[in-house]
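Residue-level structure breakdown
These are the residues of each chain, in order.
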Amino acid sequence: MVIPIAVALLTAAVMVRSAPATLLVALPFAGFVGALLGACALAGAFAAIAVAREINPRRWMWRQLFAICVGAAVFLLSLPVTVSLLGSGAAATLYWYEAAVAGIAYLCALVICPPLDRVLEANPEPDEPGGKH
């Protein structure tokens, strides 16, 4: 969760570096957007784990499944929030930016995809030994 927030804050600082007064407004908004994208990516990761438990994918399938779930969650969950915050007209102009961010999330998830056996071991089902009851 820290990485998306840090990247969003750094991006905002670079984009408005010539206007210090704007920076004070941009940083809290960027922090919120980073937290939102991090939460969406986390939801996608949990969705990938749930699907992996059901289908028991091969190693290459798990990497793709993980990346697709993270990218799709970033896009599908951030789009309604953008519409509710900015209105549908402004959100329509940001559609391609959100698609690009989801594509970047997909590529990042491909790179950082953890091994499936470690993921399932760290996240046991509630009825498995070591799971929450």
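Structure first, text after, so check above.
This text gives an overview of the structure that appears in the document.

Reading the values: rules and limits
- Residues numbered from 1 in each chain as written.
- Predicted model: local features only at pLDDT ≥ 70, side-chain atom pairs only at ≥ 80, totals over all residues.
- Heavy atoms only, no water.
- Core = buried A, V, L, I, M, F, W, Y, C linked by side-chain atoms within 4.5 Å.
- Buried < 20%, exposed > 50% of the residue type's maximum accessible area, 1.4 Å probe, protein only.
- Helix = DSSP H or I, 4+ residues; strand = E, 2+ residues; numbered from the N terminus.
- Contact = heavy atoms within 4.5 Å.
- Expected span 1.5 Å × (residues − 1).
- Lys, Arg positive; Asp, Glu negative; His and termini not counted.
- Salt bridge = Lys/Arg side-chain N within 4 Å of Asp/Glu carboxyl O.
- Axes fitted to C-alpha atoms, helices over the stretch in contact; angles between N-to-C directions.
- Parallel < 35°, antiparallel > 145°, perpendicular 65-115°, else oblique.
- Left-handed = near helix turned anticlockwise from the far one by under 90°.
- Nonpolar A, V, L, I, M, F, W, Y, C, P; charged D, E, K, R; others polar.
- Polar contact = N/O pair within 3.5 Å; in protein donor to acceptor, adjacent residues only side chain to side chain.

1. Concerning the nonpolar core
Judged by nonpolar contacts, the single largest core of 21 residues is most densely connected at Ala48, Trp62, Leu65, Phe66 and Val70. Residue assignment for this core shows that the elements contributing at least two residues are helix H2 (20-55), helix H3 (59-86), helix H4 (88-112) and helix H5 (116-122). The element contributing the most residues to this core is H3, with eight residues. The residues touching tryptophan 62, leaving out its near neighbours within four places in the chain, are Ala48, Ile49, Ala52, Pro57, Cys113, Pro114, Pro115, Leu116 and Val119.

2. Let's talk about H4
Here H4 spans 33 Å end to end across 25 residues, near enough to the 36 Å set by a 1.5 Å rise per residue. Among all positions in H4, only Ala91, Glu98, Ala102, Ala105, Ala109 and Leu110 are buried.

3. Some words on the side chain of glutamate 98
Relative to the assigned elements, glutamate 98 resides in helix H4. Buried and without a salt bridge, glutamate 98 has arginine 17 as its closest oppositely charged side chain, separated by 23 Å. Beyond its immediate chain neighbours, meaning those up to four positions away, glutamate 98 contacts Phe75, Ser78, Leu79 and Thr82.

4. Here we look at the packing of H3 against H4
At a minimum axis distance of 8 Å, the contact between H3 and H4 shows a crossing angle of 160°. It follows that H3 is roughly antiparallel to H4 by the angle criterion. Judged by the sense of rotation from one axis to the other, the crossing of H3 with H4 is right-handed. The class makeup of the residues in the contact of H3 with H4 is 21 nonpolar, five polar and two charged.

5. Focus on the side chain of serine 78
Residue position: serine 78 is located in helix H3. A polar contact is formed between the side chain of serine 78 and the backbone oxygen of phenylalanine 75, at a distance of 3.5 Å. Within the structure, the side chain of serine 78 is placed 3.5 Å from the side chain of glutamate 98, a separation counted as a polar contact.

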